[in-house]
Amino acid sequence: MPIAWCSTCRSTAFSVSFAAVLIASGYAAIDVDNSSPEHIPAAVSVRSPSGGSVNLPMVGFGTAAKMEHGHIFSALHAGYRLIDSAQADEWYTEDAAGSALTEFLATAPDGVNRSSVFITTKVHPRNHGTAAAAASVERSLVKLQTDYIDLVLLHYPHCWPQLCGSDHVAQGTFHDSWVGLERLVEQGKIRLLGVSNFRILELNALIAQARTPPAVVQNWMDPFHQDRDVLAWCRDHAVHYQAYSSLGGQWGHRANGQRFGANPVMGHPTITRIAKEKGWTNARVVLTWQLQQGISVVPRTKTLAKLCDNALVFGGCAHGGNSGPTGALFELGGQLSADEINQINGLDGAMDRAEL
């Protein structure tokens, strides 16, 4: 398949076009059709606080690991229409996302504008508190160079010393932060609200007090950590579930994460066997497994070949990076059988089971 390198990026970057991966503009509001697993929606329709709906692309570009301007610009040029950022400058750079968005929109073809790109950021828990959370989003708007943010998540429900510093004094709880964010929704500066790294107890506590329920929960989810309780909670409460670290990145931070090499998603024999039988990579198997369940994903990579492989879940790379689909449905670039899905489902908790 042809690959288009970005000729206008400021730093070492990659660019690959995949006409069947993401939305360019005009995507339809449609929910997952579980009766037709060979099709998934280009975007899901999630409820907005205004009573309407907002379309969220099923595949986004994650910008953790300090993705630079060039990486993000190239992803936009290639067809990505969801950029996932955060205030946590330990891992993210909102400034880079903002400059990449601005440059991309300045050079985008007709019909592609700010409303074509879905921007997510996350409030750092050090900014918990009604006024503090609102002020932090105002700073994010400046860094992201935009008048509004499509989705703002609370990154974590609580602070802890390693994350916020041992001398941090909270200005409030996540409940207080939510109130501040609700006010920004009323001002048109945020379209959707959600949370990240919340468990059932915290989700129930939030909806018990919030005027605006969360539209999205973004949690760590991969074959060995399937987060089934929160996924079920989201389905019961009509909340969209989005996975981060789909491809096993979290295991490098855990003592039991080395049992199948540096990354179990890339080394576990079950996933490797399925990938080999289908002529796929392990990453393609896992992303397809999640998408067929109606879970949106935000994989990240700084490598051209891996970005192209991620695109293979929708048929692969193609030339002309701004020619994404505008129809309601598009075909997966191959699908997993029910048996293959069940085999992957059976891996949940495998990293903690001695027999595996």
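Each chain carries its own residue numbering, running from 1 in the written order of its sequence. The predicted origin of the model limits local features to residues at a pLDDT of at least 70 and limits the giving and counting of side-chain atom pairs to 80 or more, whereas totals for whole chains, interfaces and linings rest on all residues. Hydrogens and waters are ignored; side-chain quantities use all the structure's heavy atoms.

Engineer: Explain the overall build of the chain to me, using residue names and the numbers behind them.
Structural biologist: Numbering of helices and strands runs from the N terminus, with a helix taken as a DSSP run of H or I at least four residues long and a strand as a DSSP run of E at least two residues long. Across its full length, the chain carries 12 helices and 12 strands. Scored against the burial criterion, the 356 residues of the chain give a buried share of 57%. Should any heavy atoms of two residues lie within 4.5 Å, those residues are counted as being in contact. Considering only contacts in the chain between residues 6 or more positions apart, those separated by 24 or more positions represent 72%. Computed with the Shrake-Rupley method and a 1.4 Å probe, the accessible areas treat only the protein chains shown as cover for residues. In the form shown here, the chain has an accessible surface area of approximately 14,000 Å², with 52% of it arising from carbon and sulfur atoms. Three labels apply to residues, based on accessible area from a 1.4 Å probe with only protein chains included: buried if under 20% of the type maximum, exposed if over 50%, partly exposed otherwise in between.

Engineer: Account for the packing of helix α2 (residues 94-107) against helix α3 (residues 130-144), with residues named and values stated.
Structural biologist: In this analysis, axes come from line fits to C-alpha atoms, helices being fitted only over the stretch in contact, and the angle between any two N-to-C directions falls in the range 0 to 180 degrees. α3 packs onto α2 with a crossing angle of 45° between their chain directions and a minimal axis gap of 7 Å. Relative to α3, α2 is oriented oblique. Between α2 and α3, the contacting residues are Glu-94, Asp-95, Ala-97, Gly-98 and Leu-101 on the first element and Ser-140, Lys-143 and Leu-144 on the second. Roughly parallel means an angle under 35 degrees; roughly antiparallel means over 145; roughly perpendicular covers 65 to 115; every other angle is labelled oblique.

Engineer: Summarise the packing of aromatic side chains; cite the residues concerned and give the values.
Structural biologist: Note on ring pairs: Phe, Tyr and Trp rings are taken, using the six-membered ring of Trp, and paired if centres are within 6.5 Å. Classes follow the plane angle, with under 30 degrees stacked, over 60 edge-to-face and the rest tilted. Going through the model one piece at a time under the given rule, you end up with four aromatic pairs. When the ring of Trp-220 is compared with that of Trp-251, the centres are 5.2 Å apart and the planes differ by 70°; the resulting orientation is edge-to-face. Note that Trp-220 is positioned in strand β9 (residues 216-220) and Trp-251 in the loop between β10 (240-244) and α8 (264-267), a separation of 31 residues in sequence. Look at Trp-251 and you get buried, because its relative accessible area is 4%. Charge-over-ring placement is defined geometrically: NZ (Lys) or CZ (Arg) within 6 Å of the ring centre, and within 35 degrees of the ring normal. The ring of Tyr-148 carries Arg-114 above its face, with NZ or CZ at 4.1 Å from the centroid. Above the face of the Trp-280 ring, Lys-278 is positioned so that its terminal group lies 4.9 Å from the ring centre.

Engineer: Run through the pattern of salt bridges, naming residues and quoting values.
Structural biologist: When a carboxyl oxygen of Asp or Glu is within 4 Å of a side-chain nitrogen of Lys or Arg, the pair counts as a salt bridge. This model, assessed by the stated rule, comprises 12 salt bridges. Across the pair Asp-150 and Arg-114 runs a salt bridge whose closest N-O atoms are separated by 3.0 Å. Of this pair, Asp-150 sits in strand β7 (residues 149-154) while Arg-114 sits in the loop between α2 and β6 (118-123); the two residues are 36 residues apart in sequence, bridging distant segments of the chain. Taken individually, Asp-150 and Arg-114 each receive the classification buried, so the pair is uniform in this respect. Within this structure, Arg-114, Asp-150 and Arg-191 form a network of salt bridges that share partners.

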